[in-house]
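As a plain string of letters, each chain reads:
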Amino acid sequence: MDEGRFDSGVYGYVVGRCEITVYFPIDKRGEPDISCKQCPYYRMQSRTCGLTEDVIPYGERFVGPKCPLRREEVIDAGDGDQ
Ligand code: SF4
């Protein structure tokens, strides 16, 4: 249906962007688990990042070297005793 639509070139682009948020949990000792395993974009079966498409061999322990997530803040979830 779109065959030939861009035969004479591309005249510009419409840019699409999005912002995502991922929550890496912190245990009772205050140790965060900042690893792909905690990220919903991690594809466990292929060990790849769904955002960068990179293969991440140690996603159970680390994030990928090109992980686009910036770490911004710690959210206190309370004392967890309830
Ligand atoms: S590299 Fe970053 S965005 Fe990609 S799966 Fe790992 S934590 Fe998620």
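First, a word on what this report is: a plain description of the structure on this page. The model shown is predicted, which means the values in this text are computed figures rather than measured ones.

### Description of the overall build of the chain
Scanning the chain from terminus to terminus reveals zero helices and two strands. Since a compact globule built from 82 residues should have a radius of gyration of about 12 Å, the 19 Å found for the chain marks it as more spread out than a globular shape. Relative to its 82 residues, the chain shows a buried fraction of 10%. Counted over contacts in the chain with a minimum sequence separation of 6, partners at least 24 positions apart contribute 21%.

### Comments concerning the site of the ligand
By nearness alone, 13 residues border the ligand, and Cys36, Cys39, Cys49, Gly64 and Cys67 come closest of all. Per-class residue counts for the shell around the ligand are 11 nonpolar, two polar and no charged.

### Brief notes about the environment of Arg61
In this structure, Arg61 sits in the segment after strand S2 (48-49). Judged by C-beta crowding, with 11 C-beta atoms within 10 Å, Arg61 ranks as exposed. Considered as a pair, Arg61 and Lys37 are 24 residues apart in the sequence and their alpha carbons are 7.4 Å apart.

### Some thoughts on the nonpolar core
Nonpolar side chains in soluble globular proteins tend to be buried together. Residues Cys36, Cys39, Tyr42, Cys49, Ile56 and Val63 constitute the largest nonpolar core, which totals six residues. Setting aside residues no more than four positions away along its own chain, Ile56 makes contact with Cys36, Arg47, Thr48, Cys49 and Gly64.

### Details of the environment of Pro32
Position of Pro32 relative to the elements: it lies in the segment before strand S1 (42-43). C-beta crowding within 10 Å serves as the criterion here: with 12 such atoms nearby, Pro32 is assigned to the exposed category. The spacing of Pro32 and Val74 is 42 residues in sequence and 9.7 Å in space, taken between C-alpha atoms. Ignoring sequence-local partners within four residues, the contact set of Pro32 consists of Phe24 and Ile26.

### Examining unusual backbone geometry
Most peptide bonds take the trans configuration, and most residues that are not glycine carry a negative phi. Its identity is not glycine, yet Arg47 carries a phi of approximately 55°, on the positive side. With respect to the secondary-structure elements, Arg47 resides in the loop between S1 and S2.

Thresholds applied
- Residues numbered from 1 in each chain as written.
- Predicted model: local features only at pLDDT ≥ 70, side-chain atom pairs only at ≥ 80, totals over all residues.
- Helix = DSSP H or I, 4+ residues; strand = E, 2+ residues; numbered from the N terminus.
- Rg over C-alpha atoms; globule rule 2.2 N^0.38 Å.
- Buried ≥ 20, exposed ≤ 12 C-beta atoms within 10 Å, placed from the backbone.
- Contact = placed C-beta atoms within 7 Å.
- Near = placed C-beta within 6 Å.
- Nonpolar A, V, L, I, M, F, W, Y, C, P; charged D, E, K, R; others polar.
- Core = buried A, V, L, I, M, F, W, Y, C linked by C-beta atoms within 7 Å.

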